[in-house]
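Residue strings, one per chain:
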Amino acid sequence: MTVHLEVAEGVGTIRLDRPPMNALNVATQDRLKELAEEAGRRDDVRAVVVYGGEKVFAAGADIKEMQDMDHTAMVLRARTLQDSFTAVARIPKPVVAAVTGYALGGGCELALCADFRIAADNAKLGQPEILLGLIPGAGGTQRLSRLVGPSKAKDLIFTGRMVKADEALTLGLVDRVVPAAEVYTQAHAWAAKLAQGPAIALRAAKESIDTGLETDIDTGLAVERNWFAGLFATADREIGMRSFVEEGPGKAKFL
């Protein structure tokens, strides 16, 4: 298999495994969707790390495979391509991308599907599709502009240029830059910490934020309001408030 799901300490690691560059061919895209949905369902997975290995995150789509596809073939494939990435973005749990080496094209788009991005100091990210006479097709025009703003997104997409980790951090494309040897360790630690949190409240927070970014503020506020009230029916809310009153903040042990 070209993608694996490994679970430890409440953290599911979705590991790309298609050497040498983790090119995202059709089979890999389909497997990615399958495992993202599995991670979302499994009770023993409370947070997720997306990781490509020590050397490379993902260098993009499989260009040789795409070269043989005509317009009709891509019309039939394009929605499925987007759906495989959207499945990662919609995992109802915290997701962190551990980015090493290249994260280009589809690789960058996959990182954009995470809630948080930790990059190696030698990482290089970008959307070079324009250099092929194309545009990003797995969510890059939408998620990148929402993350860094339209002007910065247009710079990256119009030019197709790669950015190093330090510039990616300045742009807001990644959230933390660490030595390459520490990327997975720090990503797993971030996820493991959140895995101990209140699962339903984390899901509510993620859905409220993501939905709000995609709609008007009144709709976003309604989503927030409904989740906020609904959480009063959960055991985690009882645990959290009881712990706060009896022990002080930050000491609750959630189910």
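It should be noted that the structure appears before, not after, this text.
None of the values given here were measured: they were computed from a predicted structure.

What follows is about the overall build of the protein. Looking only at helices and strands, the protein features eleven helices and nine strands. The C-alpha atoms of the protein give a radius of gyration of 19 Å, which matches the 18 Å a tight globule of 255 residues would have. With the principal axes as the frame, the protein shows a C-alpha extent of 60 × 40 × 35 Å. With an accessible surface of roughly 13,400 Å², the protein has 57% of that area assigned to carbon and sulfur atoms.

Applying the stated criterion to the full structure yields zero disulfides. With no disulfide partner, C108 has as its closest neighbouring cysteine sulfur the one in C113, 10.0 Å distant. A residue is classified by how much of its surface remains accessible, and C108, at 2% relative accessible area, is buried. You can call C113 buried: its relative accessible area is 3%.

With 15 residues, helix α9 (residues 199-213) extends 21 Å between its outermost C-alpha atoms, agreeing within 8% with the 21 Å of an ideal straight helix rising 1.5 Å per residue. Within α9, burial applies to A204, K206 and S208. Buried residues along α9 sit against α3 (71-89), β4 (95-99) and α10 (217-230).

Here the focus is the layout of surface pockets. In this model, the largest pocket occupies a volume close to 1,000 Å³. Taken together, 36 residues line the largest pocket, and the ones lying closest to its centre are A89, C113, R143, D210 and E214. Mapped onto the lining of the largest pocket, the elements with two or more residues apiece are α3, α5 (140-148) and α9. The leading source of residues in the lining of the largest pocket is α9, at nine residues.

A word on the packing of α9 against α10. One way to put it is that α9 packs onto α10 with a least axis distance of 8 Å and a crossing angle of 170°. The pairing of α9 with α10 is recorded here as roughly antiparallel in orientation. Residues I200, A204, E207, S208, T211 and G212 of α9 pack against G220, V223, E224 and W227 of α10. Class assignment for the residues of the contact of α9 with α10 results in four nonpolar, four polar and two charged.

To continue, consider the nonpolar core. Counting 45 residues, the largest nonpolar core has F57, V99, L125 and L173 as the members making the most contacts within it. It is α3 that contributes the most residues to this core, five residues altogether. Within the second largest apolar cluster, 15 residues are counted, among which are Y51, I118, V178 and A191.

Moving on to unusual backbone geometry. Of note, the amide linkage connecting P19 to P20 takes the cis form, showing an omega dihedral of 10°. Of note, P20 is situated in the loop between β2 (11-16) and α1 (26-41). Unusually for a residue other than glycine, E9 sits at a positive phi of about 60°. Position of E9 relative to the elements: it lies in the loop between β1 (3-8) and β2.

Turning next to the packing of α1 against α3. Two quantities define a packed helix pair, namely the angle between the axes and the distance from one axis to the other. Across the interface, α1 lies against α3 with an axial gap of 8 Å and an inter-helix angle of 40°. Regarding the angle of α1 to α3, the classification is oblique. The interaxial crossing formed by α1 with α3 has left-handed handedness. For the pair α1 and α3, contact is made by V26, Q29, D30, L32, K33, A36 and E37 and by R77, T80, L81, D83, S84, A87 and V88, respectively.

Turning next to the sheet that holds β4. Taken in spatial order, the six strands make up an open sheet running β1-β2-β3-β4-β6-β9, and their pairing is mixed. With one partner strand each, in any of the chains shown, β1 and β9 (176-178) form the two edges of the open sheet. Taking the axes of each pair of neighbouring strands and ignoring which way they run, one obtains an average angle of 20° across the sheet. Across three bridges, the pairing between strand β6 (residues 116-120) and β9 is parallel. Along β9, the bridge assignment pairs I118 with R176.

Conventions adopted
Residues numbered from 1 in each chain as written. Predicted model: local features only at pLDDT ≥ 70, side-chain atom pairs only at ≥ 80, totals over all residues. Heavy atoms only, no water. Helix = DSSP H or I, 4+ residues; strand = E, 2+ residues; numbered from the N terminus. Rg over C-alpha atoms; globule rule 2.2 N^0.38 Å. Areas by Shrake-Rupley, 256 points an atom, 1.4 Å probe, with all protein chains shown as cover. Disulfide = S-S within 2.5 Å. Buried < 20%, exposed > 50% of the residue type's maximum accessible area, 1.4 Å probe, protein only. Expected span 1.5 Å × (residues − 1). Contact = heavy atoms within 4.5 Å. 1 Å grid on protein atoms, 1.4 Å probe; cavity = no way out; pocket = protein on both sides within 12 Å on 5 of 7 lines; lining within 4 Å. Points joined across faces, edges and corners; volume = space filled by probe spheres on them. Axes fitted to C-alpha atoms, helices over the stretch in contact; angles between N-to-C directions. Parallel < 35°, antiparallel > 145°, perpendicular 65-115°, else oblique. Nonpolar A, V, L, I, M, F, W, Y, C, P; charged D, E, K, R; others polar. Core = buried A, V, L, I, M, F, W, Y, C linked by side-chain atoms within 4.5 Å. Left-handed = near helix turned anticlockwise from the far one by under 90°. Pairing = 2+ DSSP bridges.

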